[in-house]
Every structure is written in structure tokens, then in C-alpha cells.
Amino acid sequence: MKSTKKIYITTSLIAVGSVLVYWIYRSTTSSRRKPPQRPPVVQRIQSLDEVRNMKWERVGRVSRLCVYLVKSASPTLVQEAWVEENAFGSGRMKDRCFILVTGKGQMLTGRMEPRTVLIKPFLHHDTLTLSFPHTPNLHINLTHVQANNDKRKTRVWSDDVYGLDCGDECAQWLEGVLGRKCRLLYNASLPDTPPRTIHLTDTHTHKFPLLRKDDPSSQYADLTGYMLMTTESIADLQTRVPQVTLDPLNFRPNILVEGTPRPYHEDAWMYVRIGEAVFRNVKPCSRCIFTTIDHHSGIKDVNMEPLRTLRKYRCFDKADPTTPMLGINLGLDLPGILRVGDDVYVTTM
Ligand SMILES: *[C@@H]1O[C@H](CO)[C@@H](O)[C@H](O)[C@H]1NC(C)=O
Ligand SMILES: *[C@@H]1O[C@H](CO)[C@@H](O)[C@H](O)[C@H]1NC(C)=O
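Residues numbered from 1 in each chain as written. Chains lettered and ligands numbered in written order. Predicted model: local features only at pLDDT ≥ 70, side-chain atom pairs only at ≥ 80, totals over all residues. Heavy atoms only, no water.

An unreviewed UniProt entry lists the protein chain under the name MOSC domain-containing protein, from Petrolisthes manimaculis.

Given below as C-alpha cells:
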């Protein structure tokens, strides 16, 4: 009788103990898997009335607006930019409406060919001009490109995208400057073509609840059509990598903001209002080898800086210790005009 009782108590203790161990295990592993703390569901802001009723904090001013007419090429600095559903730019100078592809039709970016950043595009009426150091300029008549209507397909990450081939003369010029077979595709995102919607995986939506399936993207952008950086974050990174001279261009922002309260303040922004435009911070911007390209020489840093340093303190996903985050990707809630010098207002998380 006594020994039965003993066995009974021992068994119960083991059972309770295992449940406890399992519970501790579950709670520690699930907390390790937790995405960054975000408010549950954030609605799209629908009207300016709503904007007026929100509490905004001024955090800085716009110091630069950059349009990357050709993906991976040199930017054009503009004094004002119109932001709308599928475009960021000024007039026909729209962000990423041209893309370079390899001879086999695959997306060619600065990651594979760093000298693409030395290609300087300029658009005037229907003429696209490309320039490159020590090379005569190339002029492309886009009315001809449209009339030829040589439609091709390529892929930006997991999305199929389309564009019109800019012709053999352009391909030869590009081969001359980059030393490899390469073509240029054009997609004007004309009003009658729907904006490209991003292909979101479950990982995306799980980690970044503010990113919506209907967040539009410019034709050939990696994710959403707008990327914002602050000079304070770049300056802080610079103190950690004194051996390289950083330029905001290492990070290819569309909107550069200066005067923010402290470095990395943008991590906590939720809505961002500039002029009448209202954006949402949809996710921190993931960083790759592109950050190591000097935009004045078109050469990658031999020591992989500043990427190596960023990896030491800006990787937030333990499962991915090689992809640091810097700057923020924005989704658009309300369109409008942005101007250099505009005040930047935010709500924070
Ligand atoms: C481009 O081609 C169109 C159609 O041939 C022509 O009307 C236009 O003048 C050309 N543009 C330039 C700048 O040559
Ligand atoms: C431009 O892109 C849109 C969206 O991907 C696509 O539907 C359209 O066919 C493209 N236009 C051309 C001319 O390739």
C-alpha cells in the first residue's frame, strides 16, 4: 500500500515536471521566433480628415529626392517628386521604369555588375540619353521603342515583369561600357497598365504586418516603390567604419531625411507625412552587397564594408544573420508632392 502511494507520487511529479519543462521550452523557443513588435492591424489612411485628427511629431526635413530612372544606375536628383500609386518621380522621370537584363534576359543589377552605377540616364521629352565616363552618349528615341513594341519578359525576384526592348544599338553601347552582353527594357507604367503588385510570401506578411498585398511598387523596384534613409543613421554607421567614406548613395534612398532626433529613429516610425503625402513604414530595408559599391568609382569595397559592420549590429532576424537592416521601405496611403526642404512628420510605434 505504502509503495503504491510512493509510485503514484513519483509518477505525478514526473508528469508535472515534464509539462513544466515542455512549457518552458515552448515559451523560450516561441519568443525567439517572434517577429519585431508591431501593432496588430494598421488600416490604410483614407482621407486628409483622418490625418488631421492624428498626433504628428516633426522629426526632420527632406534633404534629397532621388529618382533611379534605370534600376541599378545613377540617380537623378530632383527638387520635387510626385508620389502616386505606381510611381515616384517628376514628369516622365519615374523611378525604375527601365531595367537592365543580361543576354539571357535575366535581371542585371549592380550586385552582379557594380559598374552599372556609373551609367547616368537622362530623359528629355521622348529621348533617353545614357552617359558613361570616357564614352560618347547614347540617345534612344522612346517613341521608336514604343512603336517597335518588342515586348520582353524578365523577373524581379519572384515576380514576372515586362518591358519593351530598347534596341540593338543600345545593347551594343551597354556591352561596350559594361563588357558583357546586356539589354535595356522600358516600361512606362502608362495610365492604362495596372500598377505592379508585389508577390508577398507568408514570411513577408508574418514578419511585416504593415506590408499589404495591395502595396504597389514601381515597375522594377525590389519591393515597395519608396525607400527612406536618414543622414543621422548614415553618420552613425560612418563612425563605425572610418576606413571607408560613406555616401547616402551607398544605400540608394528615394527620400533622404536630415535633422532626426537620433540615429535609427526611423525604425520606430509608423506613418510618415511629407507635404500631403502619407506613407506607412512597411518594413526595415534589408541590405546586401550593393551597399559596398562606391558610386563614384563603380568599385566594390574589398573588405565588404560597410556591409560587414552592419551585420554586427543591424541583423534583427536571428535566422538570417547575414542580412542587416537599414532605412525603411514605405507603402503609400495618400499621394502628393514632395519637395526638398519639406518638414517630415511621423507617428511612432
Ligand atoms: C522620335 O521619333 C518620332 C517618330 O519617328 C519623331 O516624331 C520624333 O521627332 C523623334 N524624336 C527625336 C528627338 O528625334
Ligand atoms: C508594364 O508592366 C505592366 C505590369 O507588370 C504589364 O502589365 C505591362 O504589360 C507592361 N507593359 C509593357 C509594354 O511591357
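A. Just helix 4 (residues 168–178), in detail. Burial in helix 4 covers these residues: C170, A171, W173, L174, V177 and L178. For helix 4, the angular spread of the buried residues around the axis is 160°, confining them to a single face. Along helix 4, exposed side chains directed more than 90 degrees from the buried face belong to D168, E169, Q172 and G176. Where helix 4 is buried, its residues meet strand 6 (98–102), strand 8 (127–132), strand 9 (135–141) and strand 12 (182–186). Of the residues trailing helix 4, G179 is marked for its positive phi of about 70°. (Buried < 20%, exposed > 50% of the residue type's maximum accessible area, 1.4 Å probe, protein only. Helix = DSSP H or I, 4+ residues; strand = E, 2+ residues; numbered from the N terminus. Arc of directions from axis to C-beta. Contact = heavy atoms within 4.5 Å.)

B. The arrangement of unusual backbone geometry in detail. In this model, E305 is joined to P306 through a cis peptide bond whose omega is 5°. If you trace the backbone, P306 turns up in the loop between strand 20 (299–300) and helix 7 (307–313). Backbone geometry at R96 places phi at a positive 45°, although glycine is not the residue there. Here R96 falls in the buried class, since its relative accessible area comes to 12%. The backbone of R252 shows a phi angle near 45°, a positive value even though the residue is not glycine. Given the relative accessible area of 7%, R252 is considered buried.

C. Examining the site of ligand 1 more closely. Neighbouring residues of ligand 1: D126, T127, N141, T143 and H144. Within the side chain of N141, an N or O atom sits 2.3 Å from an oxygen atom of ligand 1. Burial of ligand 1 by the surrounding chains reaches 37%, relative to a free accessible area of 360 Å². A class-by-class count of the residues in the shell around ligand 1 yields no nonpolar, 4 polar and 1 charged. (Near = heavy atom within 4 Å. Polar contact = N/O pair within 3.5 Å; in protein donor to acceptor, adjacent residues only side chain to side chain. Areas by Shrake-Rupley, 256 points an atom, 1.4 Å probe, with all protein chains shown as cover. Nonpolar A, V, L, I, M, F, W, Y, C, P; charged D, E, K, R; others polar.)

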